[in-house]
Amino acid sequence: MTSKNTSTRLLLALWDLGGTQQEVKKGQLTKRIVSKSQKVADYQGIFEELQKEGAIAISKKGYSLTSGKGLEVLREGLRSSDFKFEGTIVGTWAANALLRWISQIDVAVVGADVPVNGKGAIASYDEFKSVALEVYDKLNQNYNLDDLVPIYRIRREIGDRVSRTEFSEWLLEMQEKDILQLQGGSLPDNDPAKLEDSVTTEVSGLRCYAKLLN
């Protein structure tokens, strides 16, 4: 498989594993992309190239896919006429990932330089604040939430326009500046996925709701 195809397959695997929302452990990713006849070291140059390009971020523990440049590079790779899977058998994960990409294309391809439906990646705290308040007001009005909006609903509404880490940090910054108050409590169904999409801090613990001050 060519270097370009390998890069695309790597980015697709990282996206499918939730790399735009959280850091994916190194072993989890390499298990998908490194075949029995290969070694992890064979991919070192690909990882470095993608990191230099700004498509992925690498830490000691794992990898993450940038919501802007990374998704743009993945989109271009999948749309390339040269992209193909070699061999006679395609992994189930790859087939399912491609189907999910197709079904979520309007959400997935959101980059700073690739606007979709007029919405691009959020690049700053000020932009996030504006979007978060807009989403807060919409959810509060449409669902009669009595000024207590579940944080997971705000996170999911904003989606891949911002990383999970930046969402949490910027939402906490809005609290520090007395724009929002993040409150504890529990969700009606205590769905683990919804709790995970809330915000947890070392000091205050789990915060499930946001309330607008002022």
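It should be emphasised that the depicted structure is a prediction, and the values quoted were computed from it without experimental measurement. (Residues numbered from 1 in each chain as written. Predicted model: local features only at pLDDT ≥ 70, side-chain atom pairs only at ≥ 80, totals over all residues. Heavy atoms only, no water.)

**Here we look at the sheet that holds strand β1 (residues 24-25)**
Thinking step 1. Pairing within the open sheet is antiparallel, and its three strands lie in the order β1-β3-β2. Of all strands in the sheet, those with a lone pairing partner are β1 and β2 (56-58), marking the two edges.
Thinking step 2. Where β2 and strand β3 (residues 62-65) come together, three bridges link them in antiparallel fashion. Bridge pairing in β3 links Ile56 to Leu65. (Pairing = 2+ DSSP bridges. Helix = DSSP H or I, 4+ residues; strand = E, 2+ residues; numbered from the N terminus.)

**Some words on the sheet that holds strand β4 (residues 149-150)**
Thinking step 1. The strand order across the open sheet built from three strands is β4-β8-β5, with neighbouring strands paired in antiparallel fashion. Each of the sheet's edge strands pairs with one partner strand only, and the pair in question is β4 and β5 (180-183).
Thinking step 2. Relative to strand β8 (residues 209-212), β5 is paired through four bridges, and the arrangement is antiparallel. Paired with Leu180 across the strands is Leu212, a residue of β8.

**Description of helix α5 (residues 92-103)**
Thinking step 1. The end-to-end C-alpha distance of α5 is 17 Å, a good match for the 16 Å that 12 residues give at a rise of 1.5 Å each.
Thinking step 2. All buried positions along α5 are accounted for by Trp93, Ala94, Ala97 and Trp101. Down the axis of α5, the smallest arc covering the buried residues is 95°, so these residues share one side. The exposed residues of α5 that point more than 90 degrees off its buried face are Thr92, Leu99, Ile102 and Ser103. (Expected span 1.5 Å × (residues − 1). Buried < 20%, exposed > 50% of the residue type's maximum accessible area, 1.4 Å probe, protein only. Arc of directions from axis to C-beta.)

Worth remembering: the numbers are spatial, not functional.
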